[in-house]
Amino acid sequence: MIKQLKNILITAVCGACGLVVVACQENFLDVVPTDRVSDASILSDSVLFEAYVINRYMGTRLTDKEAEGTLPGFGRGFEYAMWSSLTDESIYNNDDNTWVIQRGQLAPENTGIAGTLWGRSYRSIREINYALANVDKVPMSQGKKDRLKGELQFLRAFRYHDLIRNYGKVVLMGDKVTELGDDLTSQDLFTRSEIKAGVEYAVAQLDEATALLPKDNDNGSWKLGRATKGAAMALKARLLLYGASPLYNAATWAQAAAASKAVMDMNKYSLYTGGYGKIFTVADHSEIIFGRLYAQGARHVALEIANGPNSYNAWGGNVPVQNLVNDYEMMDGTKITETGTSYNPQDPYKGRDPRFYETILYNGAPYRGSTIQTFTPGGKDSKDGPSNWNTSKTGYYLKKFMNDALPIDNPWDIAGTQTWIYFRYAEILLNYAEAQNEAVGPDASVYAAINAIRRRPGVMMPVLKAGLTQAQMREKIRNERRIELAFEEHRFYDVRRWKIANVTENAPANGIEIGKSGNAFTYKVKEALTGKAFTEKQYWLPIPRAEIQASNNKLEQNPGY
């Protein structure tokens with residue numbers, strides 16, 4: 001964090017506030033810059049100030065191969081290498097600084113794609129604190145000021161959410177606005193509070209934000225994409241779920257269940273009924289609580305070319321692993337490994353959970369007027385096909401999020417417009433079910449929450465069997481999260497907060513090798529990425545070495561690094 005303060009304060013303090021003065025040595029003329037707005041202008045113009053607040057939904061680009069179309073938001077979102085490729089959901093075919101994490105080689109000086117969250121979050125917190133410190137000076141109605149205060153408190157809590165779930169203990173800055181003339185060696189800038197204190201602070205901020213934010217986006221004075229009461233309440237529910245989990249031990253399961261139930265009781269959100277796959281390609285619907293919107297001219301990575309199969313002239317980026325494929329149930333509700341399953345290893349993709357077909361492209365899957373062929377010899381989407389340097393190492397390609405109406409060839413400034421969903425109602429139901437099960441056991445409300453997801457139109461999986469024990473229900477809920485929320489930036493945090501990453505992330509990252517002879521196929525599991533490894537220290541990310549050094553070692557590093 002101190003590196004950010006020292007190295008980018010000219011931008012974060014002066015650029016964000018617009019305060020730059022250039023002096024000419026010879027004639028001492030003050031030159032007014034034309035590439036930024038002064039802080040005096042921002043604070044005297046309500047339109048400019050609100051624009052400043054809205055820009056806080058985005059952060060600063062701090063590394064290569066991120067934020068291709070627009071500045072990054074929270075977490076990672078739609079990038080070439082997605083966060084799923086640090087988990088047992090997928091691998092990134094061409095590495096791009098992901099394999100170092102998958103192989104357990106993560107270090108403070110070698111953070112792979114996970115090195116920007118600390119610096120970006122604290123820079124954003126400073127910018128938010130500046131706005132909160134000055135909002136009362138801006139000429140606008142008190143009602144508008146209160147809304148913006150709530151919005152800023154939500155944004156600040158979201159930044160702390162990113163910090164807490166990745167690093168554990170965080171430095172709580174409060175309302176402090178760090179200035180160039182401050183003592184940047186003060187221990188207050190480096191003392192990390194316990195996780196419980198961090199969670200409680202963020203939750204308190206969200207309670208205040210909820211009281212101030214509007215319930216709805218009216219697309220007039222409060223456009224879609226800006227925070228609402230539901231967004232603040234959903235973030236609180238997730239934070240408390242994390243806080244109650246074994247890794248955190250910073251809240252109670254009853255608190256987490258109550259927070260999710262409060263969102264449910266708003267009676268505002270509902271499960272989307274137009275098909276599981278369309279949840280992620282329709283820009284706005286009743287299930288989305290809060291998302292990052294994109295458009296032509298303000299896009300993200302063109303997902304279809306970045307992740308599609310090689311025979312379609314695409315690059316096969318984030319490719320699902322066999323580990324995930326194995327966890328999709330059969331349509332009759334059985335797991336593929338249990339006694340009496342309807343699974344046929346000679347026809348492994350038949351009769352699976354419908355969400356499988358909307359998430360993963362497999363050998364024989366229909367796609368863009370053709371069929372996926374990952375078999376050898378001769379399969380067009382295998383190593384025998386065209387552009388074979390982009391052939392999937394796992395034998396699968398990603399389908400979720402892809403919009404077949406968008407082009408693969410020359411997609412620039414056309415594709416990259418899907419909404420990145422931060423919170424949706426299905427997550428709230430899953431959060432509630434998990435917390436309620438841990439708090440009181442598998443009561444009727446737990447069954448109702450899970451079965452609503454499983455029985456949504458377009459999925460229609462069987463309801464859960466009655467009479468499950470708490471432990472059995474726990475496993476069902478965890479697998480339901482794995483399937484329903486795949487590739488949505490949950491798995492990385494779920495396996496850590498449950499403290500099972502030492503199992504899931506030490507399992508080999510497997511793929512499938514399919515042979516074809518005549519009309520017959522053979523299936524052989526293969527190791528798609530060698531060297532997969534996870535150690536205890538990796539339950540938290542390391543703080544980048546440069547941050548520790550810039551603090552003169554006053555900033556405490558996470559254990560093991």
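What you are looking at is a predicted structure, and each value in this text was computed from that prediction instead of being measured.

### Thoughts on the pairing of strand E12 (residues 520–529)
Part 1 of the argument: Where strand E11 (residues 509–517) and E12 come together, 9 bridges link them in antiparallel fashion. Within E12, the position partnered with Asn510 by the bridge is Glu527.
Part 2 of the argument: The antiparallel pairing of E11 with E12 creates a hairpin that spans 2 residues between the two strands, and Gly518 there sits at a positive phi of about 65 degrees.

### Structural notes on helix H13 (residues 425–440)
Part 1 of the argument: With 16 residues, H13 extends 22 Å between its outermost C-alpha atoms, agreeing within 8% with the 22 Å of an ideal straight helix rising 1.5 Å per residue.
Part 2 of the argument: Among the 16 residues of H13, 14 are classified as buried, and the element is accordingly described as predominantly covered.
Part 3 of the argument: Looking one or two residues past H13, Gly441 carries a phi angle of roughly 100 degrees, positive in sign.

### Considerations on the UniProt feature "domain: RagB/SusD" (unreviewed entry) in the chain
Part 1 of the argument: The sites that carry the UniProt feature "domain: RagB/SusD" (unreviewed entry) are, in the present numbering, residues 308–561.
Part 2 of the argument: Its end C-alpha atoms 37 Å apart, residues 308–561 is made of 27% helix and 14% strand.

### Points about the packing of helix H6 (residues 142–167) against helix H8 (residues 229–244)
Helix-helix packing is described using two parameters, namely the angle between the two axes and the distance between the axes.
Part 1 of the argument: For the pair H6 and H8, the least separation of the axes is 11 Å and the interaxial angle reads 25 degrees. By the criterion of interaxial angle, the relationship of H6 to H8 is roughly parallel. Note on packing geometry: the crossing formed by H6 with H8 is left-handed. Contacts between H6 and H8 involve Phe154, Ala157, Phe158, His161 and Arg165 on the former and, on the latter, Ala231, Ala232, Leu235, Arg238, Leu239 and Tyr242.
Part 2 of the argument: Split into classes, the residues belonging to the contact of H6 with H8 amount to 8 nonpolar, 1 polar and 2 charged.

### With respect to the UniProt feature "domain: SusD-like N-terminal" (unreviewed entry) in the chain
Part 1 of the argument: Under the UniProt annotation, the feature "domain: SusD-like N-terminal" (unreviewed entry) is placed at residues 87–241.
Part 2 of the argument: When the span residues 87–241 is considered, its composition is 51% helix and 2% strand, and the gap between its end C-alpha atoms is 20 Å.

### Some thoughts on H6
Part 1 of the argument: With 26 residues, H6 ought to run about 38 Å at 1.5 Å a step, and its terminal C-alpha atoms sit 37 Å apart, in line with that.
Part 2 of the argument: Most of H6 sits out of view: 20 of its 26 residues are buried.
Part 3 of the argument: Gly168 sits one or two positions beyond H6 and adopts a positive phi of about 80 degrees.

### Quick notes on the pairing of strand E10 (residues 420–424)
The side chains of a regular strand alternate, first on one face of the sheet and then on the other.
Part 1 of the argument: For E10, a buried count of 5 out of 5 residues is recorded, marking the element as mostly surrounded by other parts of the structure.
Part 2 of the argument: Judged from the 4 bridges that link them, strand E4 (residues 288–292) and E10 form a sheet pairing that is antiparallel. Residue Arg292 lies in a different strand from E10, and its bridge partner there is Trp420.

Parameters at a glance
Residues numbered from 1 in each chain as written. Predicted model: local features only at pLDDT ≥ 70, side-chain atom pairs only at ≥ 80, totals over all residues. Heavy atoms only, no water. Pairing = 2+ DSSP bridges. Helix = DSSP H or I, 4+ residues; strand = E, 2+ residues; numbered from the N terminus. Expected span 1.5 Å × (residues − 1). Buried < 20%, exposed > 50% of the residue type's maximum accessible area, 1.4 Å probe, protein only. UniProt positions renumbered as here; feature names shortened; annotations may be inferred. Axes fitted to C-alpha atoms, helices over the stretch in contact; angles between N-to-C directions. Parallel < 35°, antiparallel > 145°, perpendicular 65-115°, else oblique. Left-handed = near helix turned anticlockwise from the far one by under 90°. Contact = heavy atoms within 4.5 Å. Nonpolar A, V, L, I, M, F, W, Y, C, P; charged D, E, K, R; others polar.

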